[in-house]
Amino acid sequence: MNAPAARPCGHALCCVFVRGADNEVWQSSWTGSTWSAWFSLGGTIASDPAAVSWGSGRIDVFARATNNTLVQKYLNGTTVVSAGSEPAGGVRPGRGQRAVEQHLERRELERLDVARR
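The residue count restarts for each chain, going from 1 along the sequence in the order it is written. Under the rules for a predicted model, residues below a pLDDT of 70 receive no local features and side-chain atom pairs below 80 are neither given nor counted, while totals for whole chains, interfaces and linings still include all residues. Processing note: side-chain calculations cover all non-hydrogen atoms of the structure and skip hydrogens and water entirely.

Working definition: a ring pair exists when centres of Phe, Tyr or Trp rings (six-membered ring for Trp) sit within 6.5 Å. Plane angles under 30 degrees give stacked, over 60 give edge-to-face, the rest tilted. Going through the model one piece at a time under the given rule, you end up with one aromatic pair. Between the aromatic rings of W30 and W35, the centroid separation amounts to 5.3 Å while the plane-to-plane angle is 45°, which identifies the pairing as tilted. A relative accessible area of 27% places W30 in the partly exposed class. It is R58 that lies over the ring of Y74; its NZ or CZ is 3.6 Å from the centre. Exposed residues in this analysis have more than 50% of their type's maximum accessible area, buried residues have under 20%, and partly exposed residues fall in between, with area computed by a 1.4 Å probe over protein chains only. When the NZ atom of lysine or the CZ atom of arginine is within 6 Å of a ring's centre and also within 35 degrees of its normal, the charge is said to sit over that ring.

Once that is clear, we can look at the nonpolar core. We call a set of buried Ala, Val, Leu, Ile, Met, Phe, Trp, Tyr and Cys residues a nonpolar core when their side-chain atoms join them within 4.5 Å. Among the nonpolar cores identified, the biggest contains twelve residues, and these are A5, C9, C15, F17, V25, L41, I45, A51, I59, V61, A63 and L75. Counting residues per element, the ones that place at least two in this core are β1 (5–9), β2 (12–19) and β6 (58–64). Runs of H or I in DSSP of at least four residues are treated as helices and runs of E of at least two as strands, each being numbered from the N terminus. Sort the elements by how many residues they give to this core and β6 lands first, with three residues. Excluding anything up to four places from it in sequence, L41 contacts F17, V25, Q27, K73, L75 and V80. Two residues qualify as a contact provided that any one of their heavy atoms is within 4.5 Å of a heavy atom in the partner residue.

Everything listed is a geometric property; what it means functionally is a separate question.
Written as structure tokens, this is what we have:
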């Protein structure tokens, strides 16, 4: 396993995401007394995952795919949803959580700029 990304989640106290030896995103949860079994969210990634939470029970997980796109999956409660991929647009390999945050900040600024026009 590589560098983990962790966030509070609705069904547990903490959800942890890692890139496994198979280059898939794996997730485990801490309930306060025990860890859940690891399970794969699927996909093949080329970077460690980064995770953000912007709502109750919602965690978005991002990583760079082997074709250099930014892939996104999210957990909505306990359901895993694939949100697709897009060109990484400046997300550099090895930058992890901060690179994803910067990418999302740029996208939000671009969206706000378009909305003002």
